Amino acid sequence: MTTKTSTNTSTNTSTNTTPVKAPRLEFAKSAPKAFRALIAFDAAAREGLDPALVELIQIRASHLNHCAYCLHMHTNDARKAGESEDRLHMVAVWREARHFFTEREQAALALTEAVTLVADAGVPDDVYAEAAAQFDERELAQVLALIFTINTWNRVALSTGKVAGTDER
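In this numbering scheme, every chain counts its residues from 1 along its sequence in written order. Under the rules for a predicted model, residues below a pLDDT of 70 receive no local features and side-chain atom pairs below 80 are neither given nor counted, while totals for whole chains, interfaces and linings still include all residues. The basis for the side-chain values is all heavy atoms of the structure; hydrogens and waters are excluded.

Asks: So what about the overall build of the protein? Which residues, and what values?
Replies: In terms of helices and strands, the protein carries nine helices and two strands. Only protein chains enter the accessibility calculation, which uses a 1.4 Å probe. A residue is then buried if its area is under 20% of the maximum for its type, exposed if over 50%, and partly exposed in between. When burial is assessed residue by residue, the protein has 37% of its 169 residues classed as buried. By the convention used here, residues are in contact when the closest approach between their heavy atoms is within 4.5 Å. Residue pairs at least 24 apart in sequence account for 63% of intrachain contacts in the protein once pairs closer than 6 positions are excluded. For the protein, the accessible area works out to roughly 10000 Å², and carbon and sulfur atoms hold 56% of it. Comment: elements are numbered from the N terminus, with helices defined as DSSP H or I runs of at least four residues and strands as E runs of at least two. Here the Shrake-Rupley method, with its probe set to 1.4 Å, supplies the accessible areas, and only the displayed protein chains count as covering residues.

In structure tokens, the structure reads:
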């Protein structure tokens, strides 16, 4: 059964000015096979990568995609894994705060931005070359796969109206 949902939002008339959104489908329940495939792809993408690097990539893509749900989830995951508040605050402005990040992390963040914003300018050769200099071929493929998965997760969360702070894992 297909349910039509509204993309319009209305404003609550009380003192709370948070938009009230029409309910949207639960992707995991409505497309369980696709959801399980995405989970498997995500797990495969992470294999062999430093967990701190994984979270930095996911946080940066979530910033760029304006995905509050994923940003909340991944900053919390990073904290639980021991990431410092200083570095978490600097991810969005990493180019101005390079000293907080290793050359490898900087290369991954630049590649994350290029792939996430691929429609703007493609993936510049210099960005790709720097990432290729920092990661061996297998690692680079894993980093790219991780960037692909977080961008997909961001689109799932944004399209289905996920609300930050309601991590359902």
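Still to come is the rest of the account.
Asks: An account of the side chain of glutamate 55 is needed here, citing residue identities and associated values.
Replies: Within the element layout of this structure, glutamate 55 appears in helix α3 (residues 51-64). Buried within the structure, glutamate 55 lacks any salt-bridge partner; its nearest side chain of opposite charge belongs to arginine 46, at an N-O separation of 4.1 Å. Only four residue types enter the charge count, namely Lys and Arg as positive and Asp and Glu as negative; His and the chain termini do not. One side-chain nitrogen of Lys or Arg within 4 Å of one carboxyl oxygen of Asp or Glu is enough to make a salt bridge.

Asks: Summarise the packing of helix α2 (residues 32-46) against helix α9 (residues 137-159); cite the residues concerned and give the values.
Replies: Between α2 and α9, the shortest axis-to-axis distance is 8 Å and the interhelical angle comes to 145 degrees. Once α2 is placed against α9, the crossing between them reads as left-handed. From α2, Phe35, Leu38, Ile39, Phe41, Asp42, Ala44, Ala45 and Arg46 reach across to α9, where they touch Gln142, Ala145, Leu146, Phe148, Thr149, Thr152, Trp153 and Val156. Grouping the constituent residues of the contact of α2 with α9 by class yields eleven nonpolar, three polar and two charged. Helix axes are fitted only over the stretch in contact, all axes being lines through C-alpha atoms; the angle between N-to-C directions runs from 0 to 180 degrees. Helix crossings are classified by the rotation of the near helix relative to the far one: an anticlockwise turn of less than a right angle makes the crossing left-handed, while a clockwise turn makes it right-handed. Side-chain classes are defined by residue name, with Ala, Val, Leu, Ile, Met, Phe, Trp, Tyr, Cys and Pro counting as nonpolar, Asp, Glu, Lys and Arg as charged, and the others, Gly among them, as polar.

Asks: Any chance you could break down unusual backbone geometry for me, citing the residues and the numbers?
Replies: In this structure, histidine 66 takes a positive phi of about 60 degrees despite not being glycine. Residue placement: histidine 66 occurs in the loop between α3 and α4 (68-80).

Asks: Residues and numbers for the nonpolar core, please.
Replies: Ranked by size, the top nonpolar core spans 27 residues in total, and within it Ile57, Leu111 and Val143 carry the most contacts. When residues of this core are traced back to their parent elements, those giving at least two are α3, α6 (103-116), α8 (125-134) and α9. Not counting chain neighbours up to four residues away, the residues in contact with leucine 111 comprise Val123, Val127, Ala131, Leu140, Val143, Leu144 and Ile147. Definition used in this section: a nonpolar core is a set of buried Ala, Val, Leu, Ile, Met, Phe, Trp, Tyr and Cys residues joined via side-chain atoms within 4.5 Å. Core analysis: the second largest hydrophobic core is formed by ten residues, Cys67, Tyr69, Ile150 and Trp153 among them.

Asks: Describe the environment of aspartate 167, naming the residues involved and giving the relevant values.
Replies: Structurally, the position occupied by aspartate 167 is in the segment after α9. Taking the relative accessible area as the measure of exposure, aspartate 167 reaches 33% and is therefore partly exposed. The residues touching aspartate 167, leaving out its near neighbours within four places in the chain, are Tyr69 and Met73.

Asks: Which residues make up the packing of α3 against α6, and what values do they have?
Replies: Their axes nearest at 9 Å, the elements α3 and α6 cross at an angle of 35 degrees. Helix-helix and strand crossings are classified by hand; for α3 and α6 the assignment is right-handed. Mapping the contact onto sequence places Leu53, Leu56, Ile57, Arg60, Ala61 and Leu64 in α3 and Glu105, Ala108, Leu109, Thr112, Glu113 and Thr116 in α6.

Asks: Can you tell me about a nonpolar patch on the surface, naming the residues and giving the values?
Replies: Only residues whose relative accessible area exceeds 30% and that form no salt bridge enter a patch; like-charged residues are grouped when within 9 Å of one another, and nonpolar side chains (Val, Leu, Ile, Met, Phe, Trp, Tyr) when within 5 Å. Together, Val118, Val123 and Tyr128 make up an exposed nonpolar region whose accessible area comes to about 230 Å². Looking at where tyrosine 128 falls in the secondary structure, it is placed in helix α8.

Asks: Please give an account of a negative patch on the surface that cites residues and values.
Replies: For the purpose of locating charges, the reference atoms are NZ of Lys, CZ of Arg, CG of Asp and CD of Glu. Judged by side-chain charge, Glu103, Asp125, Asp126 and Glu130 come together as a negatively charged surface patch. No other element matches the three residues that α8 contributes to the negative patch. When you line up the elements, aspartate 126 lands in helix α8. Overall, the relative accessible area of 59% leaves aspartate 126 in the exposed class.

Geometry only, nothing functional implied.
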